[in-house]
Amino acid sequence: MESRFAASKSYGLLLLLLLVNCYTDCGSDAQVLPEEEVQALKVISTKLGNKHWNIRNTSCSNGGDFNVTFGDTILSNVTCRCNDSICHIATVQLKGLNLTGVLPAEFANLTHLTEIDLSRNYINGTIPTRFSRLPLVILSLLGNRLSGSIPGELGDIATLQDLVLEDNLFGGPLPQELGNLRRLSRLLLSANNFTGTIPESFVNLTNLTDFRIDGSALSGKLPAFIGNWTKIDRLDLQGTGMEGPIPSTISSLINITELRISDLKGSNMKFPDLQHMKNLEQLILRNCLISDTIPDYIGEMTALKTLDLSFNNLSGQIPDAVQALAKLEYMFLTNNSLSGAIPNQILNSKQKFDLSYNNFTDSYPSSCQLTNVNFVSSYSSSEDDSIAWCLKKDLPCSGNAQYHSLNINCGGSKLKFEGEEYQEDSSKGGASTFYASSERWAYSSTGTYLGNSRANYEALNTSVIDGEIYQTARLAPLSLKYYGLCLKKGSYKVRLHFAEIMYTDDQTFSSLGKRIFDVSIQGEVVLKDFNIMEKAKVIGKGIEEVKDVFVNGSTLEIHLYWAGKGTTAIPDRGVYGPLISAITITPNYSVDTGLSAGAIVGIVVSSCVLLVLILAILRMRGYLGGKDAEDKGENCIIINFMICFS
């Protein structure tokens, strides 16, 4: 009996093992990758230097073969689409892994692939035309070293909804064929080198919800057909090089929540009709040559969080209706011609408002910085002694100009560099900040970072070995002005110290950032599209730009300005804008006499010439004696002449 039971038990265990084995084998056989896809994945992985995959024909059944997560933006994730007998690769995400090599054309062998996301790596090459064979819905190549033109064949991917090519090295004209992508929802092209105009065929992209092309070298006028993009939620056209005016058809974009247009070329324009954009949260019309008043309907945009109308020629008063914008966090109206009184609620606001460089006449604040509101140089009067010096135009010295040199360690502490003492500049800074070190020097900072309002306005990198002065820097997302105050009238040498300390110096996506900005001194542009790394060649290497300027009043102004160019998402969103390490200002004249070196030399030369002439005249009239005396006189003249010029 016991033997039968034992035998029965053995048979049962054997049957169970067979069932488990069958289940495992059948399941494995039922859901395997085709060999051609396995081989394609192996080639792709090798070409990219990807060490995160363990590729087998059963990998779809074992997520650990493909999927690794190091954080929200650093991951390897592959999904499959399976039926009873076979699997196919459906999506590939390799994000933030610093993969190298050339973009593999073998992705085209994964014939069921709907998504390729290789954001923030170090991949080079061009986009293979073979990608047009794929049923892609998403193609994201943000933050790599890809170059060449966008292949027109991408216009054949009828399924494509997201095309993200930001922060690369693409160039050339935009292909007309992209206008065939009628399902396209997101087209992100910022921070590349595209040229030409936006193709007329883009009028067909009526399903667009997000279009960005900041910082390219485009030409022509802003196209009127953008009015056809009635589903658009976000439109970014900053620093494109295109001409205004903003087309009237923009009024049709009633679903938009974020509108950014800046740095247009051309002639002055009226304020565009935006009154039906009730959902706007971000409105940036910066340096768009708008010569008009601020329309009252701005006060009806109750969802508005950021309003940037800076660097235009807006006149008249700030509408009282603006005070009703309860959600407004940032308002930048700097560098306009606004006048009248500032509404009380704005005057006393705790939000970050910049009203500097205007022509207000009433309701004077007690200082240039009340809470978070910046009022520097915002009042038209320069004679009224009841107004603080920093509210007046050109920031005139309240006493006698007494200084002739200045050293500032921007964003850092007090230190010595090259034998000179540099003053501390370690205040936190912010979106609408004015800071003055008595009437010695000051700075004004404007702007909030795109995609990251918490980004810092100071930078620190202690690994920099090219001098302690280059370990810190002050930066701003839009505008940064430094002022040398109460300087004596005369010529000065301005040395601007720069070092790029926010990118890395290696083969990672963090090294791919491009910081581009303009620098003006005394209102004259001295550096256009300045790129620190392009000149320094090495991360952390200190460089200088030296300029001679003349101070006619008592204030020397240095202005660093972001014109919408360069990367904004490398290594993270919010890393961009002007950056400066230190400022050195020295006189080109004698501090004791007030005369320049050239003037002193001129006086000496003139004196010598005059002396020689006097001696020559005396000799000719015989006052220096006879023939022998004449010879001696000639020698005397020659000797005196040589002494003067020795």
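Coordinates for the structure precede this section.
Sequence order as written defines the numbering, with residues in each chain counted from 1. Predicted model: local features are reported for residues with pLDDT of at least 70 only, side-chain atom pairs are reported and counted for 80 or more only, and whole-chain, interface and lining totals are derived from all residues. The basis for every side-chain value is the complete set of non-hydrogen atoms in the structure, without hydrogens or water.

Participant: Give me the lowdown on the layout of surface pockets, citing residues and values where you can.
Facilitator: Both cavities and pockets are sets of points on a 1 Å grid over the protein atoms alone; in a cavity a 1.4 Å probe fits but cannot get out, in a pocket the set is open with protein on both sides within 12 Å along at least five of seven lines, and lining residues sit with an atom within 4 Å of a point. Grid points are joined across faces, edges and corners, and a volume is the space filled by probe spheres set on the points. Roughly 540 Å³ of volume is contained in the largest pocket. Along its surface, the largest pocket is lined by 27 residues, and Ser216, Gly239, Asp529, Ala563 and Lys565 are the ones closest to its centre. The residue makeup of the lining of the largest pocket, split by class, is 9 nonpolar, 10 polar and 8 charged. The computed volume of the second largest pocket comes to approximately 440 Å³. Contributing to the lining of the second largest pocket are 26 residues, with Arg260, Gln282, Thr448, Tyr449 and Leu450 lying nearest its centre. The way it works is that DSSP assigns letters per residue, a run of H or I at least four long becomes a helix, a run of E at least two long becomes a strand, and they are numbered from the N terminus. At the level of secondary structure, the elements contributing two or more residues to the lining of the second largest pocket comprise strand 13 (234-238), strand 14 (258-262), strand 15 (282-286), strand 16 (306-308) and strand 18 (330-332). Following the grouping adopted for this structure description, the nonpolar residues are Ala, Val, Leu, Ile, Met, Phe, Trp, Tyr, Cys and Pro, the charged ones are Asp, Glu, Lys and Arg, and the polar ones are all others, Gly among them.

Participant: Go over the sheet that holds strand 8 (residues 169-173), please, and point to the residues and values.
Facilitator: Any two strands with at least two DSSP-identified bridges between them are counted as paired. Within the open sheet, the 4 strands sit side by side as 6-8-10-12. Their pairing is parallel. Each edge of the open sheet is held by one strand with a lone partner, namely strand 6 (147-148) and strand 12 (217-218). Note: strand 8 against strand 10 (residues 193-196), 3 bridges, orientation parallel. Residue pairing for strand 10: Pro173 is matched across the bridge by Thr195.

Participant: Residues and numbers for empty space enclosed by the protein, please.
Facilitator: Under the counting rule described, the total for this entry stands at 2 cavities of 30 Å³ or more. Estimates place the volume of the largest cavity at around 50 Å³. As for the largest cavity, its lining consists of Glu166, Ser190, Ala191, Arg212, Asp214, Arg234, Asp236, Leu450, Gly566, Thr568 and Arg573. Class assignment of the residues belonging to the lining of the largest cavity gives a composition of 2 nonpolar, 3 polar and 6 charged. In terms of lining residues, the second largest cavity is bounded by Phe311, Thr334, Asn335, Ser356, Tyr357, Ser444, Thr446, Ser479 and Lys481. For the lining of the second largest cavity, the secondary structure elements donating two or more residues are strand 28 (441-446) and strand 31 (479-484). A class-by-class count of the residues in the lining of the second largest cavity yields 2 nonpolar, 6 polar and 1 charged.

Participant: Describe the pattern of salt bridges, listing the residues and the values that go with them.
Facilitator: A pair can form between side chains of opposite charge whenever their charged atoms are brought close. Salt bridge, as applied in this entry: a Lys or Arg side-chain nitrogen positioned within 4 Å of an Asp or Glu carboxyl oxygen. Taken as a whole and assessed by the stated rule, the structure comprises 23 salt bridges. Where Glu166 meets Arg573, a salt bridge forms, and the shortest distance between an N and an O atom there is 3.2 Å. A residue pair is termed long-range when its members are at least 10 positions apart, and Glu166 in the loop between strand 7 (162-164) and strand 8 and Arg573 in the loop between strand 36 (556-561) and strand 37 (579-580) qualify at 407 residues. Asp425 is paired through a salt bridge with Arg474; the nearest N and O atoms lie 3.0 Å apart. Here Asp425, found in strand 26 (residues 420-425), pairs with Arg474, found in strand 30 (residues 472-475); they are 49 residues apart in sequence, far enough to count as distant.

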